[in-house]
Structure formats: structure tokens, C-alpha cells
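# Notes for the structure review
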Amino acid sequence: MTSPASAPAPATAVRMPAAQRRAMILEAARGLFGSQGYNGTTTDQIAAAAGISQPYVVRMFGSKEALFLEVFRDTLDILLDAWRETLAHLGPDDTPAHVIGEQFVDLAAERGLHTLLLQAFVSGAEPAIGAAARAGFLEIYRFLRDEAGIADDQVQGFLGSGMIFAIMLAIDMPSRFDEDPDAADLLRATFGAKCGQVLDLIRGQRAGGTGAARAAGAAGAAGA
């Protein structure tokens, strides 16, 4: 019989650092805002997807609008940092427009990155979000022109291709790849040689995100 003096001490919960919780909220918010839009997403859903209480989310960010703006800034930084890293390692035969275009496709591995940017760019009616989106789009343009050295006549095509890429993800066209030959042709035309890679990433994210999506959906229903 174990004496009280020798009984094991109860386990002490390890407190998650605030920076880690913040990163989890931003990641969850990026995915949900990207797929459901600003108006279609609640802080309850974000908290459920992140596994963190809703009051904590509000306490950390203040409001849903403030959270969206921070997620947008974080997403824009991920994009520009990746492009700068790519430019820093250009090979002798590489052209900036081609390598950062390839990098843009590779960033499909960041769940919600492309669709979050798209949601921000179509939210001009929201004063604060619209202002941030305009500033962010100009920041991308200046990067392409000044840092990547892409001529204006090429920038238009680059930005247009990027928006089409984001739209294909936003409307979940990859889900039609195996069912509709025209959808498959459109996706191949959009993603080129990386079509298979993008489809694998999206399918993996969809499979991995099922539990979080259910939790967020339940939170949305409870808050409705």
C-alpha cells in the first residue's frame, strides 16, 4: 500500500507560450477567412479550429476586423519573404518572373494563403480592410517592379495569372479534377507542370483539415 508521503505528485499542465497560441490562431484564421470570407467567419469558429477559447482570441486581437488585418499582414509577409528568399538564390539561367511564379505555386502548401489574399482584395467595401488591401496590392506591385525587376508589361500578366490561381483554389476547382475533363484541362492550364503537386497538396490539406472544419462548423452553428 502506498503511503501518502510516497504518492506521485499530480501532473502539472504545461502552459503554452503566448507566441505559440498567437501563431495557432493566425493559422486557423487564415484557413477559415480564406475559405469562408470575412463576413462568413466568426471568432467562435476560429477559436474552435485553433483549439483555443473564443474570449482569449478576442482578448489577444481585440476584434474580428483586427484579427483579419493581422492575418492579411502576416500572409503578405509570408509571400514577400518567400519571394525575396527565392531571388536571393537565383541561378545563372533563372529569370525572376519565372522563379517567383514557381514559388507562388509552391506556396499552396501554406493553407489559405492564396485565398486569404483574394478575400482581402475583394473586400474593398470594408473601409479598414479595403485600405489595407490596396496598400498590400501596391506593395506586391512595387516588389515585382523594383526588387524583381519585372517590366510593367509583364507585371500585368503575372498578377493576372496569380489571381486566376487564387480563384481556382477559392472555388475549389481541384475537387472537380477527376470528375470533369474540362475542369482538369483548366487546372492543367492554370498550374502547368505543377498541377499534380498542387492537387496533392490540396487533397492532403482537405483530409488533414476535416476535424478542424467540423469543430469550426459546430462553433458556427452554436453561435448562429
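Note: the structure precedes this text.
### Quick look at the pattern of salt bridges
Pairs can form between side chains of opposite charge once their charged atoms are near each other. In total, this model carries eleven salt bridges according to the counting rule given. For Glu-102, the salt bridge is made with Lys-194, and the minimal N-O distance between the two is 3.6 Å. Here Glu-102, found in helix α5 (residues 96-106), pairs with Lys-194, found in the loop between α9 (181-191) and α10 (195-208); they are 92 residues apart in sequence, far enough to count as distant. Using a relative accessible area of 15% as the deciding quantity, one classes Lys-194 as buried. Residues Arg-203 and Asp-178 are paired through a salt bridge, measuring 3.2 Å at the closest nitrogen-oxygen approach. You can see Arg-203 sitting in helix α10 and its partner Asp-178 sitting in the loop between α8 (152-170) and α9, a full 25 residues away along the chain. Arg-203 gets classed as partly exposed once you look at its relative accessible area, which sits at 35%. The class of Asp-178 is exposed, set by a relative accessible area of 62%.

### Digging into the packing of helix α1 (residues 18-36) against helix α2 (residues 43-50)
The description of two packed helices rests on the angle between their axes and on the distance between the axes. Remark: α1 packs on α2, axes separated minimally by 8 Å, with the N-to-C direction vectors making an angle of 125 degrees. Between α1 and α2, the crossing angle belongs to the class labelled oblique. Every pair of crossing elements has a handedness; the one defined by α1 and α2 is right-handed. When α1 is examined against α2, the residues Met-24, Ile-25, Ala-28, Ala-29, Leu-32, Phe-33 and Gln-36 are found in contact with a partner set consisting of Gln-45, Ile-46, Ala-49 and Ala-50. Of the residues contributing to the contact of α1 with α2, the split by class is nine nonpolar, two polar and no charged.

### Details of helix α6 (residues 113-121)
In an α-helix there are 3.6 residues to a turn, and that puts residues three or four apart on one side. For α6, a buried count of eight out of nine residues is recorded, marking the element as mostly surrounded by other parts of the structure. Among the residues of α6, Leu-113, His-114, Thr-115, Leu-116, Leu-117, Leu-118, Gln-119 and Ala-120 are the ones counted as buried. Buried positions along α6 lie against α1, α4 (64-87), α5, α7 (127-147) and α8.

### Re the packing of α4 against α7
The contact between α4 and α7 brings their axes to 10 Å, and the two run at 5 degrees. Taken together, the axis directions place α4 and α7 in an arrangement best described as roughly parallel. Contacts from Glu-65, Phe-68, Leu-69, Phe-72, Arg-73, Leu-76, Leu-79, Leu-80, Trp-83, Arg-84 and Leu-87 of α4 reach α7 at Ala-128, Ile-129, Ala-132, Ala-133, Gly-136, Glu-139, Ile-140, Phe-143, Leu-144 and Glu-147. A per-class count over the contact of α4 with α7 returns 15 nonpolar, one polar and five charged.

### Brief notes about the packing of aromatic side chains
Enumeration over the complete set of coordinates arrives at ten aromatic pairs. Aromatic pair Tyr-38 and Phe-68: ring centres 5.4 Å apart, planes at 80 degrees, arrangement edge-to-face. Here Tyr-38, found in the loop between α1 and α2, pairs with Phe-68, found in helix α4; they are 30 residues apart in sequence, far enough to count as distant. When its relative accessible area of 11% is taken as the criterion, Tyr-38 is described as buried. Using a relative accessible area of 1% as the deciding quantity, one classes Phe-68 as buried. Grouping aromatic residues by their ring pairs yields a cluster made of Trp-83, Phe-104, Phe-143, Phe-158, Phe-165 and Phe-191. One residue, Lys-64, lies across the ring of Tyr-38, its end atom 4.4 Å from the ring centre.

Here is what the cut-offs are and how they apply
- Residues numbered from 1 in each chain as written.
- Predicted model: local features only at pLDDT ≥ 70, side-chain atom pairs only at ≥ 80, totals over all residues.
- Heavy atoms only, no water.
- Salt bridge = Lys/Arg side-chain N within 4 Å of Asp/Glu carboxyl O.
- Helix = DSSP H or I, 4+ residues; strand = E, 2+ residues; numbered from the N terminus.
- Buried < 20%, exposed > 50% of the residue type's maximum accessible area, 1.4 Å probe, protein only.
- Axes fitted to C-alpha atoms, helices over the stretch in contact; angles between N-to-C directions.
- Parallel < 35°, antiparallel > 145°, perpendicular 65-115°, else oblique.
- Left-handed = near helix turned anticlockwise from the far one by under 90°.
- Contact = heavy atoms within 4.5 Å.
- Nonpolar A, V, L, I, M, F, W, Y, C, P; charged D, E, K, R; others polar.
- Phe/Tyr/Trp six-rings, centres within 6.5 Å; stacked < 30°, edge-to-face > 60°.
- Lys NZ or Arg CZ within 6 Å of the ring centre and 35° of its normal.

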